[in-house]
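In case you want the letters, here they are:
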Amino acid sequence: MRIGYKSPAWNFVQHLLEMTIAMFVGMFVLGMPAGMLFKALDWTVLTEETVPRTLLMATYMSVGMAAWMRFRGCRWPAVVEMSLAMYVPFVIMYPFFWAGLVSDGTVMAVGHALMTPAMIVAMLFRLNEYTQGHHHHAKTMAAQPEG
């Protein structure tokens, strides 16, 4: 695989970076107002308890990333797989948390640290899509209606 601007490797990395940036945008654009709303409504369980807090954070990241992926022409199956990559790292950590083996901070830190590898794994299942430029997605969506 060539490694250079517009090579398959570059396209793969570009997709990963764009989705990561979109995750952070979603986390801040949705998460900050939602957190303020939940505190104003005194729904502190959503902002202070580990499981709801991490599930909501994964949701904010997934919404931002999904919006960007659709804007860039990715089809729904890829969007769903990538969104699952936001939740799975947290879900893997919950049994350790519930058993008292790790703290809430560890769930948060490890969950976030595992997101990028989880995204890469999801991308490897669709390597042909993620090694193509974004123009490929637009052509594919135009040629094949989603079902």
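Everything numeric here is computed off the predicted structure, so don't read it as measured data.

What counts as what
Residues numbered from 1 in each chain as written. Predicted model: local features only at pLDDT ≥ 70, side-chain atom pairs only at ≥ 80, totals over all residues. Heavy atoms only, no water. Axes fitted to C-alpha atoms, helices over the stretch in contact; angles between N-to-C directions. Helix = DSSP H or I, 4+ residues; strand = E, 2+ residues; numbered from the N terminus. Parallel < 35°, antiparallel > 145°, perpendicular 65-115°, else oblique. Left-handed = near helix turned anticlockwise from the far one by under 90°. Contact = heavy atoms within 4.5 Å. Nonpolar A, V, L, I, M, F, W, Y, C, P; charged D, E, K, R; others polar. Patch = residues over 30% accessible without salt bridge, like charges linked within 9 Å, V, L, I, M, F, W, Y side chains within 5 Å. Areas by Shrake-Rupley, 256 points an atom, 1.4 Å probe, with all protein chains shown as cover. Salt bridge = Lys/Arg side-chain N within 4 Å of Asp/Glu carboxyl O.

(A) Up close: the packing of helix H3 (residues 50-71) against helix H5 (residues 104-125). Look at H3 against H5: their axes get within 11 Å of each other, and the N-to-C directions meet at 30°. Our classification of the angle between H3 and H5 gives roughly parallel. Considering how the two elements wind past one another, H3 and H5 form a crossing that is right-handed. Every residue of H5 that contacts H3 at Thr-50, Arg-53, Thr-54, Met-57, Met-61 and Met-65 is listed here: Asp-104, Val-107, Met-108, His-112, Met-115 and Met-119. Of the residues in the contact of H3 with H5, the class split is seven nonpolar, three polar and two charged.

(B) Examining a nonpolar patch on the surface more closely. Among the surface-exposed residues, Trp-76, Val-80, Leu-84, Val-88, Ile-92, Phe-96 and Leu-101 lie close enough to one another that they form a single nonpolar patch of about 690 Å² accessible area. Along the chain, the position of Ile-92 falls in helix H4 (residues 76-98).

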